[in-house]
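Listed below, chain by chain, are the residues.
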Amino acid sequence: MVQKVHLGVLISGGGTNLQAIIDAIEQKRLDATIRVVVSNRGDANGLVRAKNHGIPTEVVDHRKSPTREAFDQVLIDILNARQVELVILAGFMRLLSPLFVRAFPNRIMNIHPALLPAFPGLHVQRKTVEYGVRFSGCTVHLVNEECDQGPVIIQAVVPVFPDDTEKSLSARILNEEHRIYPRAIQLYGEGRLHVMGRKVVVDGMGKEEGQVLIWPPLKG
Ligand code: GAR
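Described below are features of the structure shown in this document. Every chain begins its residue count from 1, and numbering advances along the sequence as written. It should be noted that, the model being predicted, local features are given only for residues of pLDDT at least 70 and side-chain atom pairs only at 80 or more, the latter also being counted only at that level, while totals for whole chains, interfaces and linings use all residues. Only hydrogens and water are removed before side-chain values are computed, so all heavy atoms of the structure are retained for them.

**A word on the nonpolar core**
One recurring pattern in soluble globular proteins: nonpolar side chains tend to sit buried together.
Argument step 1. With 39 residues, the main nonpolar core has Leu7, Ile34, Ile88, Met109, Tyr181 and Ile185 as its most contacted residues.
Argument step 2. Numbered from the N terminus, helices here are DSSP runs of H or I no shorter than four residues, and strands are runs of E no shorter than two. Ranked by residues supplied to this core, first place goes to helix H6 (residues 166-189) with eight residues.
Argument step 3. A contact between two residues is defined here by any heavy atoms of the two lying within 4.5 Å. Among residues more than four places away in sequence, those in contact with Leu7 are Ile21, Ala32, Thr33, Ile34, Arg35, Val36, Val84, Leu86, Ile88 and Ile185.
Argument step 4. Here, the term nonpolar core denotes a set of buried Ala, Val, Leu, Ile, Met, Phe, Trp, Tyr and Cys residues that are joined through side-chain atoms within 4.5 Å. With a 1.4 Å probe rolled over the protein chains alone, any residue whose accessible area is under 20% of its type maximum counts as buried; one over 50% counts as exposed, and the rest are partly exposed. With 19 residues, the next largest nonpolar core counts Leu10, Ile76, Ile108 and Val143 among its residues.

**With respect to the packing of aromatic side chains**
Argument step 1. Here the aromatic set is Phe, Tyr and Trp, taking the six-membered ring for Trp, and pairing holds for ring centres within 6.5 Å; pairs whose planes are under 30 degrees apart are stacked, those over 60 apart are edge-to-face, and all others are tilted. Evaluated as defined, the whole model comprises three aromatic pairs.
Argument step 2. Ring geometry for Phe161 against Trp215: centres 5.6 Å apart, planes inclined by 65°, an arrangement best described as edge-to-face. Highlighted residues: Phe161 in the loop between strand E7 (152-159) and H6 and Trp215 in the segment after strand E9 (199-202), separated in sequence by 54 residues.
Argument step 3. A relative accessible area of 28% places Phe161 in the partly exposed class.

**Here's the deal with helix H1 (residues 16-26)**
Argument step 1. For H1, the complete set of buried residues consists of Asn17, Leu18, Gln19, Ala20, Ile21, Ile22 and Ala24.
Argument step 2. Contact partners of the buried residues in H1: strand E1 (5-11), strand E2 (32-39), helix H2 (45-52), strand E4 (86-89), strand E5 (108-112) and H6.
Argument step 3. Following H1 by one or two positions, Lys28 adopts a phi angle in the positive range, close to 65°.

**Re the environment of Ser97**
Argument step 1. Looking at the secondary structure, you find Ser97 in the loop between E4 and helix H4 (98-103).
Argument step 2. Distance in space between the C-alpha atoms of Ser97 and Ile111 is 17 Å, their sequence separation being 14 residues.
Argument step 3. For Ser97, the contacting residues outside a window of four places in its chain are Arg68, Glu69 and Asp72.

Spelled out as structure tokens, the structure:
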């Protein structure tokens, strides 16, 4: 029998991805348990979401740590004390140091609101709209020591329309984030993710040759 994955979720804000993970667990689409939710901001709405579901929470204010490593060490201690196996970054807006990444090798996932490696960093949806690309989306990846450059696990693609704003595009992408993040975690829990250098090989992924998106369409 596959063991439930023990998750530690790091957040900084609204926590809608956290909510999607909680919902997936409650609906038995995801066989995991959230051991702790940690926020670097005391006013993060995600803390309320966690409490509503009886999940332990911790606030670690990054401004109170003298260095990035000192902050990260507090996080490491909390996660280890709760026996967290997989660390989930869900809208966690702090860069993690190599110290943190080495404490959980290939056991940290992040979700990013773009098709990496395009549009890494911050204010991603705004930059995407301004650039004028036809498609964007979201990426769940493993975290390595390079920001937004870890091996990709799963991506979802959405169209970008001429009248899109940062807000409308963010909402379209967020919908898909909520679908792919629980799935990525479930694949991890089932032992189906294998890191081979830069690539994550997913057991049973197969191929769909016909999966092509063209926008605007070739006809019409
Ligand atoms: C999400 O769009 C997530 O992809 C993004 O922050 C938002 C958090 O929303 N993360 C990053 O930009 C990480 N660099 P949420 O708090 O409602 O889950």
